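These are the residues of each chain, in order.
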Amino acid sequence: MLKITDLNTHYGPIHALKGVDMEIGKGEVVSLIGSNGAGKSTLLNTIVGIARSSGGRVEFMGKEITNSPPHTMTKLGISISPEGREVFPALTVEENLRLGAYTVNDKKKIADSYERVYQIFPRLKERIRQSAGTLSGGEQQMLAIGRALMCGPELLLLDEPSLGLAPNFVLLIFDLIKEINRQGVTILLIEQNANMALSASNRAYVLENGKVTMSGDAKEIANDPRIKKAYLGLG
Ligand code: ATP
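Residues numbered from 1 in each chain as written. Predicted model: local features only at pLDDT ≥ 70, side-chain atom pairs only at ≥ 80, totals over all residues. Heavy atoms only, no water.

Peer 1: Before we go on, may I ask you to explain the site of the ligand in this structure?
Peer 2: Neighbouring the ligand are 14 residues, the closest being Asn 36, Gly 37, Lys 40, Ser 41 and Thr 42. Backbone polar atom of Lys 40 to an oxygen atom of the ligand: 2.8 Å apart, as the coordinates give it. Of all the secondary-structure elements, those providing two or more residues to the shell around the ligand are β2 (14-24) and α1 (40-47). If you tally residues by element for the shell around the ligand, the top one is α1, at three residues. (Near = heavy atom within 4 Å. Polar contact = N/O pair within 3.5 Å; in protein donor to acceptor, adjacent residues only side chain to side chain. Helix = DSSP H or I, 4+ residues; strand = E, 2+ residues; numbered from the N terminus.)

Peer 1: Just checking my understanding: could you explain the side chain of Glu 139 for this structure?
Peer 2: Among the secondary structure elements, Glu 139 is positioned in helix α6 (residues 137-149). By relative accessible area, which is 6% here, Glu 139 ends up buried. Setting aside anything within four residues of it in sequence, one finds Glu 139 in contact with Arg 123, Leu 124, Arg 127 and Phe 169. (Buried < 20%, exposed > 50% of the residue type's maximum accessible area, 1.4 Å probe, protein only. Contact = heavy atoms within 4.5 Å.)

Peer 1: Would you take a moment to explain the side chain of Gln 141 for this structure?
Peer 2: Along the chain, the position of Gln 141 falls in helix α6. The contact partners of Gln 141, leaving out residues within four places of it in the chain, are Ser 81, Arg 85, Glu 160, Pro 161, Leu 165 and Ile 173.

Peer 1: Help me out: how do you make sense of the sheet that holds strand β8 (residues 186-191) in this one?
Peer 2: One key point about sheets: their strands pair by backbone hydrogen bonds, in either a parallel or an antiparallel sense. The sheet built from six strands is open, its strands ordered β6-β7-β8-β3-β9-β10 with mixed pairing. On the outer flanks of this sheet lie β6 (78-81) and β10 (211-217), each paired with one strand and no other. Ignoring strand direction, the axes of neighbouring strands in this sheet form an average angle of 15°. As paired strands, strand β3 (residues 29-33) and β8 are joined by five bridges and run parallel to one another. By the bridge assignment for β8, Val 29 is matched with Ile 187. (Pairing = 2+ DSSP bridges. Axes fitted to C-alpha atoms, helices over the stretch in contact; angles between N-to-C directions.)

Given below as structure tokens:
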């Protein structure tokens, strides 16, 4: 579904992605793990055109989309829930969700999307008229993911969904991610919480200093002694 070949991204003199190759098949949950500054967010941002690649290729469903502008992504079927959530604090839950469907004109489709989001996140339904700024961190994360689902994406990119959440919320968010995938959405998950990410994924890539240093079955990666030591706090 998504094929990335020899992708490079520079920020001025900083070479943030150094020839990244990655493939994601339809229906998979793939996680991308790596330490601070490895280039994880840069990879997501380059896929969706927020950062500009200086070389390489991104293909989605067989079509080249390298450096396509961000506003074209939802129409293609790609949606991103950015790091730091970025919900609009003064707007209500419902208004924030509506913004996620700004490219959709069909009223029935929008109504169905609200229903789907409220079915996955009943807590949001209970808070429809509450301003997003008054939600808890975990609820804001749900809102950011819900907003990304409002355009009915085929591929959902999640940047650090568990960041800053209390442990019980982390478990809940990962359960909900699995539920979203069960409903047919392919997911690329960026996480510093490698443990949770690997347990929720089919496959994983490890990014270090702008390069993929390991990839494979998520269970195998979780059992790799180097990964255990560097990312799982074990060994
Ligand atoms: P984190 O988990 O801390 O966000 P990350 O793996 O997502 O880390 P990136 O945010 O992609 O890493 O950063 C990769 C490198 O690119 C870092 O050295 C960072 O300082 C640099 N970088 C990221 N964004 C920019 C930018 N807008 N301008 C200049 N340099 C940037």
